[in-house]
Amino acid sequence: MSQRLMPAGPRSYTEQLTEWPQFNQPTKDPELGPLRRQSMAIISSILEDPSPEGAGIRTRLRGLLAQNVGCPEKALLEHLQSLFGDLEDPEADPA
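Residues numbered from 1 in each chain as written. Predicted model: local features only at pLDDT ≥ 70, side-chain atom pairs only at ≥ 80, totals over all residues. Heavy atoms only, no water.

Description of the overall build of the protein chain
(1) Moving on: Secondary structure assignment for the protein chain yields 4 helices and 0 strands.
(2) Moving on: Secondary structure elements of the protein chain occur, N-terminal to C-terminal, as α-α-α-α.
(3) Moving on: Residues counted as buried form 27% of the 95 residues belonging to the protein chain.
(4) Moving on: Long-range contacts, defined here as pairs at least 24 residues apart, represent 48% of the contacts in the protein chain between residues at least 6 apart.
(5) Moving on: In the structure as shown, the protein chain presents an accessible area of about 7,100 Å², 56% of it carried by carbon and sulfur atoms. (Helix = DSSP H or I, 4+ residues; strand = E, 2+ residues; numbered from the N terminus. Buried < 20%, exposed > 50% of the residue type's maximum accessible area, 1.4 Å probe, protein only. Contact = heavy atoms within 4.5 Å. Areas by Shrake-Rupley, 256 points an atom, 1.4 Å probe, with all protein chains shown as cover.)

Structure follows, in structure tokens:
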């Protein structure tokens, strides 16, 4: 079965979040809401990219979202770590 890829065009954060309602839930940590919305906006832009070269990346990112239901920030972090490795914090003191 083939899938037809269509350019997505610009959309607002509100439109993106209505497609992912599980990421727009209230949290106990008031700072977590904006982080989740920003993470989901980044993830949405990756998933909306129609280029065939990114198909594997999009598939992996969808899998990470499924593994981290309700926590797009964790899925994005794992995605970035898979691309760039687990970079150490340059500000951390060596123990």
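Topic: helix α3 (residues 55-67)
(1) Moving on: Taking 1.5 Å per residue, 13 residues should reach 18 Å; α3 reaches 19 Å between its end C-alpha atoms and fits that length.
(2) Moving on: Along α3, the residues that are buried comprise Arg58, Leu61, Leu64 and Leu65. What you see down the axis of α3 is that its buried residues fit within an arc of 120 degrees, all on one side. Seen from the buried face of α3, the exposed residues on the opposite side, beyond 90 degrees, are Gly56, Thr59, Ala66 and Gln67.
(3) Moving on: Looking at the buried positions of α3, the neighbouring elements they touch are α2 (32-47) and α4 (72-84). (Expected span 1.5 Å × (residues − 1). Arc of directions from axis to C-beta.)

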